[in-house]
Amino acid sequence: MKSHYDSKQTKIHEAVRKHYEEHLSKKPDAGGVLKLDVSFDATWMKRGHTSKVGMSVMIDVYTGFIIDYEILSKFCLECTLKKNKLENKKITEETYNTWKTKHDADGSCGSNYEGPSGGMEVEAARRLFARSRDLKFEYENLVSDGDANSYKAVLAMNNGNGPYQDTKVTKLECINHVQKRLGTRLRKLREQEKVDTITKTGSKIRRSLLGGRNKLTDTAIDKMQSFFGKHIRDNVGADYITMKKAVMSSFHHIFSTDEKPRHGLCEEGINSWCFFQKALAEGKNREEIKHKKSLVVNLDQEAQNKIRQVYDALTTKDILERCVRGLTQNANESFHSKMWSRASKTKFSGLKRLSFVAQSAILDHNYGYRKACLLPALNINTKALRRSLTTEDEERKRHHEVQMKPKRKQKEKASAEYEPGGF
Ligand SMILES: [Zn+2]
Ligand SMILES: [Zn+2]
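Residues numbered from 1 in each chain as written. Chains lettered and ligands numbered in written order. Predicted model: local features only at pLDDT ≥ 70, side-chain atom pairs only at ≥ 80, totals over all residues. Heavy atoms only, no water.

**Q** Would you mind going over the packing of helix α2 (residues 77-87) against helix α3 (residues 93-105) with me for this structure?
**A** How two helices pack is summed up by the angle between their axes together with the distance between the axes. Put simply, α2 and α3 touch, their axes get as near as 10 Å, and they point 170 degrees apart. Our classification of the angle between α2 and α3 gives roughly antiparallel. Each of Glu78, Cys79, Lys82, Lys83 and Leu86 in α2 lies in contact with α3, whose residues at this interface are Glu93, Tyr96, Trp99, Lys100 and His103. For the contact of α2 with α3, the class distribution of residues is 4 nonpolar, 1 polar and 5 charged. (Axes fitted to C-alpha atoms, helices over the stretch in contact; angles between N-to-C directions. Helix = DSSP H or I, 4+ residues; strand = E, 2+ residues; numbered from the N terminus. Parallel < 35°, antiparallel > 145°, perpendicular 65-115°, else oblique. Contact = heavy atoms within 4.5 Å. Nonpolar A, V, L, I, M, F, W, Y, C, P; charged D, E, K, R; others polar.)

**Q** What am I meant to see in the pattern of salt bridges here?
**A** Think of it this way: side chains of opposite charge can pair up when their charged atoms draw near. If you walk through the whole model with that rule in mind, you get 21 salt bridges. Taking the shortest distance from any N to any O, the salt bridge between lysine 26 and aspartate 37 comes out at 3.8 Å. Here lysine 26, found in the loop between α1 (4-23) and β1 (34-47), pairs with aspartate 37, found in strand β1; they are 11 residues apart in sequence, far enough to count as distant. When the shortest N-O distance is used, the salt bridge between arginine 127 and glutamate 70 registers 3.4 Å. In this pair, arginine 127 sits in helix α4 (residues 120-130) while glutamate 70 sits in strand β3 (residues 66-73), placing the two residues 57 residues apart along the sequence. (Salt bridge = Lys/Arg side-chain N within 4 Å of Asp/Glu carboxyl O.)

**Q** Looking at this structure, I do not really get the coordination of the zinc ion (ligand 1). What am I missing?
**A** When a metal holds four donors in a tetrahedron, each ideal angle between them is 109.5 degrees; when it holds six in an octahedron, the ideal angles are 90 or 180 degrees. The protein atoms that coordinate the zinc ion (ligand 1) are Cys76 (SG), Cys79 (SG), His103 (NE2) and Cys109 (SG), at distances of 2.1 to 2.3 Å. Of note is the zinc ion (ligand 1), whose 4 donor atoms meet at the metal with angles of 104 to 116 degrees in an arrangement that counts as tetrahedral. Here the donor residues of the zinc ion (ligand 1) are spaced in sequence according to C-x2-C-x23-H-x5-C. Classification of cysteine 79 as buried rests on a relative accessible area of 8%. (Donors = N, O, S within 2.8 Å, 3.2 Å for Na, K, Ca; no water. Tetrahedral: all angles 85-135°; square planar, octahedral: opposite > 155°, others 65-115°. Buried < 20%, exposed > 50% of the residue type's maximum accessible area, 1.4 Å probe, protein only.)

**Q** Explain unusual backbone geometry to me, please; I cannot follow it from the model alone.
**A** Both trends apply: most residues other than glycine have a negative phi, and most peptide bonds are in trans. The phi angle at lysine 89 is positive, at roughly 60 degrees, despite the residue not being glycine. Its location among the elements puts lysine 89 in the loop between α2 and α3. One non-glycine residue, lysine 136, lies in the positive phi region at around 65 degrees. Tracing the backbone through its elements, the reader meets lysine 136 in the loop between α4 and β4 (137-143).

Note that all results are geometric; they support no functional claim without further evidence.
Structure representation (structure tokens):
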């Protein structure tokens, strides 16, 4: 029989599939396996100086849902106690070995990892990738702003062939990831916008509105994509308006012509990336500065508006700010605290107990934490989903406030407010 966790997670997996199909036009292959963009995250339970327990999760970056998890533990209480007995000669080696074999075989050992604590994250990544196909997923793009060791270890699987036969796993920094999506969406737009026309020779064809010479060519898209990433990267730390302006400058820049220069938002000065602003700074007259034909994307207003919509969808305040902080970092941090605050309330009693805690934290995250979910941020969720998540969120918050407010904290806060000079 399926556990409560498994059946709830099956629903999450279905939701992810539906999302990929409906909003990203990505379908599973013939075998039902879907390629995902994920973020991998590891967190440690700190006990003394070394971490004996680590938990890692695989998160789908579009929905924020946790797909799978792995707990690694170097510690088993029963084994430790038995070993002590053996060392103190209270039991024979034979008794110990018999016990240990049975203990391992019936799955009651709390330890499932041997090796240095530093290797736990890497091992967890390997295990999660190795079994992803059991869930009918392949983790194709790994979005990460952190440590590269796990990624290296994943590539090294199966004698350097990686975890999957035909799918290459790629690591993307967060900004690269959003940048790539601009390209994907523009290419999709180019495919979609087609009209029936009749050629000079009289044959009927479907002509692309946006495709063709001097239009939305692959070169133009590549250029837009790299400008897009550059402007976000150059403005890390700046406020949203500044960043948005910088990103939009490249949009206007690329449609500029001699008749209608549009470099008002482009960076000014002699070192500007924009040839027009650079020339202005060098003292040239506006009329003298000519656009190279090869640089211009020649599209009518209607087509430009369609492209503008793609830019706007990918430069919302939420996306840009998340992107700069690390796309999934916030969601992950909230999960970490949820996980370990629960774990610390239960006395550490091995893997089974921790798995239970982990599963309940994951369900809470997947079903109850609205902010972890990128659907609202990407503006692609349904009203019903939004409403149900909000309700659950509010309910939990109320519940949380009553239960969790530590009395001491309240007092501290009160005294801080009346601190002399505190105003
Ligand atoms: Zn054990
Ligand atoms: Zn410009």
